[in-house]
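Next come the chains, spelled out residue by residue.
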Amino acid sequence: VALGLYFPRKEYLENVYIDEPTGMPLLRIHALKDSHDEVPHFHLCQNLIISRARSHENNWFQIREKKGLLYLSKSLDREDFNMLSVGNWMPLSKVMLYVFLSSHPFQEKECDSATRATVFLSLINATAPACSSLTARQLCFTEMDLSFHIKENKPPGVFHQLQLPSVHHMCQNLSISYKLLAAEGAPFRYNENTTSVQVTQRLDREERERYELIAKCTVREGFREMQVEVPFLVNVLDEDDSPPFLPNGTDTADAVVEFNRKEGTVLSTLTVYDADTTPIYPLESSRKKYTGTIITDDPWISETFRVEHIFDEIHFSPNGSQVRGTRHEY
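Each value, and the rule that gives it
Residues numbered from 1 in each chain as written. Predicted model: local features only at pLDDT ≥ 70, side-chain atom pairs only at ≥ 80, totals over all residues. Heavy atoms only, no water. UniProt positions renumbered as here; feature names shortened; annotations may be inferred. Helix = DSSP H or I, 4+ residues; strand = E, 2+ residues; numbered from the N terminus. Buried < 20%, exposed > 50% of the residue type's maximum accessible area, 1.4 Å probe, protein only. Lys, Arg positive; Asp, Glu negative; His and termini not counted. Salt bridge = Lys/Arg side-chain N within 4 Å of Asp/Glu carboxyl O. Contact = heavy atoms within 4.5 Å. Phe/Tyr/Trp six-rings, centres within 6.5 Å; stacked < 30°, edge-to-face > 60°. Lys NZ or Arg CZ within 6 Å of the ring centre and 35° of its normal. Domains from an automatic or database assignment. Buried area = accessible area lost by both parts, 1.4 Å probe. Nonpolar A, V, L, I, M, F, W, Y, C, P; charged D, E, K, R; others polar.

Under an unreviewed UniProt entry, the protein chain has the name RET kinase and belongs to Helopsaltes ochotensis. In UniProt, the protein chain has this text filed under Subcellular location (unreviewed entry): "Membrane".

Written out as structure tokens, the structure reads:
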């Protein structure tokens, strides 16, 4: 089943300061494709969620439909801040926006798409700090973990941009460059010109479930140079695409029953491995996936014996990397 475009992360965080100029780029949101011919369109729901209790019409933020660039469509002044901070006199107020994704242009006020990401904006009751006062970590990376989810068997594509749009816009006197440090043969490519990171091939979760890379950033200001490194993690999401397998190739076990066996005696066992899925909760949904059956025409046998099904998570090690799976025992 093609589920369509998806976000490689579900949440984004960004800071917004008072009196930043209209048109200021805040953050870049990416989408990955389910099939090659899809074209992503981004749409912002025109409601700001200020707290669980209330929302406010969004007059300040907009997104470029085809680029996923979130920007300030109106400068946020102190009056706006006071209105959005619910009079709590705090130096910071958090608001929430929903970004929706579709493979066709959005109709107006379409805010019910299942495919959405949440943007948390910290509104800060101060003007933006001078670039020279920011640490290398603040200039290079946001407070978000660089952690992404990519579905297996899907087309390659760009899923992140390392350069921060707001810093690039404000701190043009600084030279900020990035590198992506990855093991040889890792299916990711960094483009220096666009600072974007791309997955270069379809991934297979049964081969590898997690990639651990490092994003390295260098900031140069005159003769001064600062460097910072942060983990860059990619988790591969499973698609149910591999059949279960039997360790010795047989799906049937014979049971020999002797007299005077006590109730609860185990007479025979059969093991099935599934590298494709891990135990899911509620447990009944994992249990229903496979059933164990006693093959007989004799009603007495059906009444007297039963098959019990237990399962647990195990690890397979293809290519030296650990992949989770399930062992079912009957």
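There is more to say after this.
### Quick look at the side chain of glutamate 14
One can find glutamate 14 in strand S1 (residues 11-17). Despite being buried, glutamate 14 has no salt bridge partner; arginine 9 is the closest side chain of opposite charge, sitting 11 Å away. Contact partners of glutamate 14, with chain neighbours within four places excluded, come to Leu26, Leu27, Phe120, Leu121, Ser122, Thr142 and Ser166.

### Quick look at the packing of aromatic side chains
According to the stated counting rule, one finds 12 aromatic pairs in the structure shown. Look at tyrosine 273 and phenylalanine 316: their rings are 6.1 Å apart centre to centre, the planes differ by 80°, and that puts the pair in the edge-to-face class. Residue tyrosine 273 is located in strand S17 (residues 271-274), and its partner phenylalanine 316 is located in strand S18 (residues 310-316); the two are separated by 43 residues in the primary sequence. Classification of phenylalanine 316 as buried rests on a relative accessible area of 19%. Centroid distance tryptophan 300 to phenylalanine 305: 5.9 Å. Interplanar angle 85°. Geometry classified as edge-to-face. If you follow arginine 9 out to its NZ or CZ, it ends over the ring of tyrosine 12, 5.6 Å from the centre. Against the face of tyrosine 98 rests arginine 116, its NZ or CZ located 3.8 Å from the ring centre.

### Observations concerning the UniProt feature "domain: Cadherin" (unreviewed entry) in the protein chain
Within the UniProt annotation, "domain: Cadherin" (unreviewed entry) is assigned to residues 142-246. Taken end to end, residues 142-246 is 6% helix and 50% strand, and its two terminal C-alpha atoms sit 47 Å from one another.

### Describing the domain arrangement of the protein chain
Entries for the protein chain in the domain assignment read domain 1 (1-128), domain 2 (130-238) and domain 3 (240-329). When each unit is reduced to the centre of its C-alpha atoms, the spacing between domain 1 and domain 2 is 21 Å. Contact with domain 1, which involves 24 residues of that partner, is made by 25 residues of domain 2. Summing both sides of the interface, domain 1 and domain 2 together bury roughly 2,000 Å²; the carbon and sulfur share of this comes to 60%. When the buried area of domain 1 at its contact with domain 2 is split by residue, Tyr6, Arg9 and His30 rank highest and sum to 27% of it. Across the pair lysine 154 and aspartate 34 runs a salt bridge, and its minimum N-O distance is 3.2 Å. Breaking the side of domain 1 that touches domain 2 down by element, the ones donating at least two residues are S1 and strand S2 (25-28). A per-class count over the side of domain 1 that touches domain 2 returns 14 nonpolar, 4 polar and 6 charged.

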